[in-house]
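# Examination of the molecular architecture
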Amino acid sequence: MTPKNTLPNELIDSLLSNYKEPEDILGEHGLLKQLTKALLERALQAEMTDHLGHSKHSSVSNKTGNARNGKSHKTLKGDFGTLAIEIPRDRDSSFEPKIIPKHQTRWTGFDDKIISLYARGLTIREIQQHLLEIYGTEVSSSLISTITDEIVDEVKQWQSRPLDSIYPIVYLDCIHVKVRDSGTVRTKAVYIVIGINLAGVKEVLGLWIAQTEGAKFWLSVITELKNRGVQDIFIACVDGLKGFPEAIEAVYPDTTVQLCVVHMIRHSLNYVSYKQRRTVATDLKRIYTATTEAQAELALCEFENKWDADYPVIAKSWRKNWSRITPFLDYPSEIRRIIYTTNAIESLNMSLRKVTKSRASFPHDEAVMKLFYLALRNISQNWSRQQVNHWTAALNRFSIMFDDRINNL
């Protein structure tokens, strides 16, 4: 079937009659750019004819006596570089072009390309170089800032959007960045909260920036989640964030706080000599792979007997946090991994580090939020189509254990 707008071969042959090399078509003064300019200007003239009711050089036929009144010049920026366009004018300035609206100086989609490059971690200078090298377009740093700043309102709306009433599992973690603050570059933490909803789909619930963490900070975060509609959380998985357990229990007293076992292992191995790390890790594995809590405690006792003389801090740390390490043991083996690690959020953090690695520091907190939001928007595009592994089994378990809490909401 022939496409509706197929160009006649005779016309194509005529246009290509002087073609010798790609530059003749794609170059700064090539055929493609000339055609774009000619078609746009012809379309603008057609729009003006429709607006006035008479063609160029014809007698005025409208009641107001409005007619053409010269032209103005505009330079468009886009994939083709810069393109000078002549815009027809009318006497009473009532003409509103459609194909190139008033005040438009960038080709449709050009802003999206800048935002896409920014979301992938390119700095403003790198975006300028990229656009110049690929499209031959010079773009000022202020224009890039203006385009990306348009995301700020979108970020605010996203950060305050309503949330689901129940998230069976919520993960909390942070990533550190350097931010200029009052003339000094400081290291700040960007806290990220991911929830798994009842459908088993991951969702970033929000981002928060703080210089220090503690119960007061976390209380404000958890309170914000509650105000945005989250009425219940079954399990909150954390890596030992200071003050978080107390904060979540103040707002959600029935929520179980689960420390990330992987973080506990890493913390423990920090005290172990390199030669013995594999053996110590194997002995720790017997604790968190135990069938029951009683067996896990027995494995911990055996670990103490074997290693306390050399590394007394390890068992002491596990015992201190025992009530927050072992909740996952109440669940079948196939869904324990969903609960006892923060892998879901760590893989996200790894992606975020990739987009921040080229930046020595951010100029302010808003720049951090802007980049992280855009990066998260890219990263989470496929989440709505991906259910967490073994989620059906996990949800069945939750339905039994938290039946009254699910049905009461």
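When its secondary structure is counted, the protein chain shows 19 helices and seven strands. The 409 residues of the protein chain split such that 43% are buried. In the protein chain, the share of contacts with a sequence separation of at least 24, taken over all contacts with a separation of at least 6, comes to 63%.

In this section: the pairing of strand β7 (residues 256-259). Relative to β7, strand β6 (residues 232-238) is paired through four bridges, and the arrangement is parallel. Residue V238 lies in a different strand from β7, and its bridge partner there is L259.

Attention shifts here to helix α13 (residues 312-320). The complete set of buried residues in α13 reads I314, A315, S317 and W318. Looking straight down α13, one finds its buried side chains confined to an arc of 160 degrees; they lie on one side. Set apart from the buried face of α13 by more than 90 degrees, the exposed residues are K316 and K320. Looking at the buried residues of α13, the elements they touch are α10 (261-269), α11 (277-288), α12 (293-307) and α14 (322-325).

The subject of this paragraph is α12. Given a rise of 1.5 Å per residue, 15 residues ought to cover 21 Å, and the 21 Å separating the end C-alpha atoms of α12 matches this to within 8%. Buried within α12 we find A296, A299, L300, F303, E304 and W307. Taken end-on, α12 shows its buried residues confined to a sector of 145 degrees, consistent with a single buried face. Facing away from the buried side of α12 by over 90 degrees, the exposed positions are A294, L298 and N305. Elements that come into contact with the buried residues of α12 comprise α11, α13 and α14.

A complete count under the given rule lists eleven aromatic pairs for this structure. Ring plane angle 65 degrees and centroid distance 5.3 Å describe the contact between F217 and W218, whose orientation is recorded as edge-to-face. As far as the burial class goes, F217 and W218 line up, both buried. A connected cluster of aromatic rings, assembled from ring pairs, spans F234, Y331, W391, F398 and F402. Positioned above the aromatic ring of Y118 is the side chain of R359, whose terminal nitrogen or guanidinium carbon lies 5.0 Å from the ring centre.

All right, on to the sheet that holds β6 then. Here five strands make up an open sheet; going across it, the order is β5-β4-β3-β6-β7 and the pairing mixed. For this open sheet the edge positions go to β5 (202-210) and β7, each flanked by a neighbour on one side alone. Strand-to-strand twist in this sheet, taken as the mean axis angle between neighbours without regard to direction, amounts to 25 degrees. Examined bridge by bridge, strand β4 (residues 184-196) and β5 share eight bridges and lie antiparallel to one another. Its bridge partner being in β5, V193 is matched across the sheet by G206. Where helix α9 (residues 244-251) meets the sheet, its contacts fall on β3 (166-181), β6 and β7, and the angle it forms with β6 comes to roughly 180 degrees.

This part covers the pattern of salt bridges. Scanning the model with the defined rule gives 14 salt bridges in all. Measuring nitrogen to oxygen at the nearest pair gives 2.8 Å for the salt bridge that ties R377 to E154. With R377 in helix α17 (residues 365-379) and E154 in helix α7 (residues 151-159), the pair connects residues that are 223 residues apart, well separated along the chain. The exposure class assigned to R377 is partly exposed, which follows from its relative accessible area of 34%.

The subject of this paragraph is the packing of helix α15 (residues 333-340) against helix α18 (residues 391-401). In the contact formed by α15 and α18, the axes pass within 9 Å of each other and the chain directions differ by 90 degrees. Put simply, α15 runs roughly perpendicular to α18. Contacts between α15 and α18 involve E334, I335 and I338 from the former and A393, A394 and R397 from the latter. Of the residues that constitute the contact of α15 with α18, the class distribution is four nonpolar, no polar and two charged.

Mapped onto the elements, R359 comes out in the loop between α16 (343-356) and α17. E126 is the oppositely charged side chain nearest to the buried, salt-bridge-free R359, at an N-O distance of 6.6 Å. A distance of 2.9 Å separates the side chain of R359 from the backbone oxygen of L122, its partner in a polar contact. If we ignore the near neighbours within four places in the chain, the residues touching R359 are Y118, G121, L122, T123 and L371.

We now examine the environment of R336. For R336, the position within the fold is in helix α15. Sequence separation between R336 and A394 is 58 residues; the distance between their C-alpha atoms is 8.8 Å. Aside from chain neighbours lying at most four places away, what touches R336 is A290, T291, F328, L329 and Y331.

Here we take up the side chain of D90. With respect to the helices, strands and loops of the structure, D90 is situated in strand β2 (residues 81-90). By relative accessible area, D90 is classed as buried at 4%. A polar contact is formed between the side chain of D90 and the side chain of N66, at a distance of 2.9 Å. Of the polar contacts made by the side chain of D90, one reaches the backbone nitrogen of F95; its length is 3.1 Å. Setting aside its immediate chain neighbours within four residues, D90 contacts M48, H51, L52, N66, A67, R68, N69 and F95.

Calculation criteria
- Residues numbered from 1 in each chain as written.
- Predicted model: local features only at pLDDT ≥ 70, side-chain atom pairs only at ≥ 80, totals over all residues.
- Heavy atoms only, no water.
- Helix = DSSP H or I, 4+ residues; strand = E, 2+ residues; numbered from the N terminus.
- Buried < 20%, exposed > 50% of the residue type's maximum accessible area, 1.4 Å probe, protein only.
- Contact = heavy atoms within 4.5 Å.
- Pairing = 2+ DSSP bridges.
- Arc of directions from axis to C-beta.
- Expected span 1.5 Å × (residues − 1).
- Phe/Tyr/Trp six-rings, centres within 6.5 Å; stacked < 30°, edge-to-face > 60°.
- Lys NZ or Arg CZ within 6 Å of the ring centre and 35° of its normal.
- Axes fitted to C-alpha atoms, helices over the stretch in contact; angles between N-to-C directions.
- Salt bridge = Lys/Arg side-chain N within 4 Å of Asp/Glu carboxyl O.
- Parallel < 35°, antiparallel > 145°, perpendicular 65-115°, else oblique.
- Nonpolar A, V, L, I, M, F, W, Y, C, P; charged D, E, K, R; others polar.
- Lys, Arg positive; Asp, Glu negative; His and termini not counted.
- Polar contact = N/O pair within 3.5 Å; in protein donor to acceptor, adjacent residues only side chain to side chain.

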